[in-house]
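What the coordinates show
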Amino acid sequence: MKIALLFFLTLLTALTATAQNELLYVGTYSVRGSEGIYVLEFDRRAGTLRQVSTAGGAKSPSFLAFHPLGGYLYAVNEGAEGGAVSAFAIDRQTGKLTLLNQQPSVGRGPCHVSLDATGRAAFVSNYGEGTFTVLPVLKDGKLGAPTDSVRFAGNGPNAQRQNKPHAHSATLSPDNRFAYVCDLGTDRIYIYEIDPAKGKVKPANPAFKAVTPGAGPRHFTLSPDGKFAYLAEELTSTTAVFSRDAKTGFLVTLQDGVATLPADFKGNNTSADIHTDATGKHLYQSNRGHNSLAIFSIGTSGRIALQGHQDTMGKTPRNFLVDPKGEYVFVANQDTDNITIFRRDAKTGLLTYTGNSVSVPAPVCLKLLERK
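As a further point, take the sheet that holds strand 17 (residues 228–233). Taken together, four strands build an open sheet; the order of strands is 16-17-18-19 and the sheet is antiparallel. Looking at the sheet topology across the chains shown, the edges are occupied by strand 16 (217–222) and strand 19 (251–259). Across the sheet, the mean angle from the axis of one strand to that of its neighbour is 20°, orientation sign disregarded. Pairing between strand 17 and strand 18 (residues 238–244): six bridges, direction antiparallel. Within the sheet, the bridge partner assigned to A232 lies in strand 18 and is T239.

So, in structure tokens, the structure goes:
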């Protein structure tokens, strides 16, 4: 009897630990009482989230990125005067964040940060001034002073939104050789060869891929094998699909202007975030206005076909996260201050609302981390 009881208690402890070993980090805007970056514990078995801590010290820490080794987190400070980026140490047991330092982003309105696979360099997109900046990541996780910065030039046909450059995101290729920088204002995806050790970038040859005028490139994602790329076009609520030359980094258009909205939708909408699942068989893109995720299947050629839409159970879905294990999708609904949780059908890619959500003021970005 004692042996059986001991076995049961051991099994229960193991299951509890498994259920509580993931942490969701939430970047927010500093409005409606937000306390900065929120740390939530994810119970995978129950499909629920609960808040465990917050980290202040940075104004509007909107977009987040992990160090590839998992011990540090980086946040753009979108509301900081002149623009800044913050570095935090992560306590891998409790999830607590400790501010390490801040550096200027060399541009107003930094809205995106990404790290290369070696963890030596952080790449920052500054929406307000159309600049793309490289900051070195030091051995202690702190950020060094900027080592390179590029200022874009030009505009697009949308006089209200494209009167000047607006760098919106920088996505690293799986081989860690190229950075793809989406500029909403100039309708271009700039392609850079990166040197993380020196903290430098140089234009690839060709140096950019032009997209449909007025489309407004926002976020960009690559298939897991790096053969294909997918672009969220903010202003036209469409998706563009490309094949990718692994040697030069260049993009060749496969599909252009694939609609993310139902044909009968008549309201205002802008696209936001875009991700594939871990298998590269399904693609998701968020619609702000229709308040949905568009769900696409991905064929062996890389081309996509619309499968349907999922109501995000909130308003203005910004960033969302497709669970690396393929079981869930989390959505940050900025204007209703909630994060909603959906179960995912791995075969069809379709989603089902779990009924579970958690309140977080003005959530913008979601990042999931395994707890040690």
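From this point, the narrative continues.
Turning to the sheet that holds strand 1 (residues 22–28), a few remarks are in order. Across the sheet, four strands lie side by side as 3-2-1-28; this open sheet has antiparallel pairing. Edge positions in the sheet fall to strand 3 (48–55) and strand 28 (363–370), since each of these pairs with one other strand and no more. The average undirected angle you get between the axes of adjacent strands in this sheet is 25°. By the bridge criterion, seven bridges tie strand 1 to strand 28 in an arrangement that is antiparallel. By the bridge assignment, L24 is partnered in strand 28 with L368.

Rules used throughout
Numbers given to residues run from 1 along each chain, matching the order in which its sequence is written. Owing to the predicted nature of the model, reporting of local features is limited to residues with pLDDT of at least 70; listing and counting of side-chain atom pairs is limited to 80 or more, with chain, interface and lining totals taken over all residues. In computing side-chain properties, one takes all heavy atoms of the structure into account and sets aside hydrogens as well as water. Two strands are counted as paired when DSSP detects at least two bridges linking them. Helix and strand definitions follow DSSP, with helices as H or I runs of at least four residues and strands as E runs of at least two, each counted in order from the N terminus. For helices, the axis comes from a line fit to the C-alpha atoms of the stretch in contact; other axes are also lines fit to C-alpha atoms, and the angle between any two N-to-C directions lies between 0 and 180 degrees.

Honestly, it's all geometry; don't read function into it.
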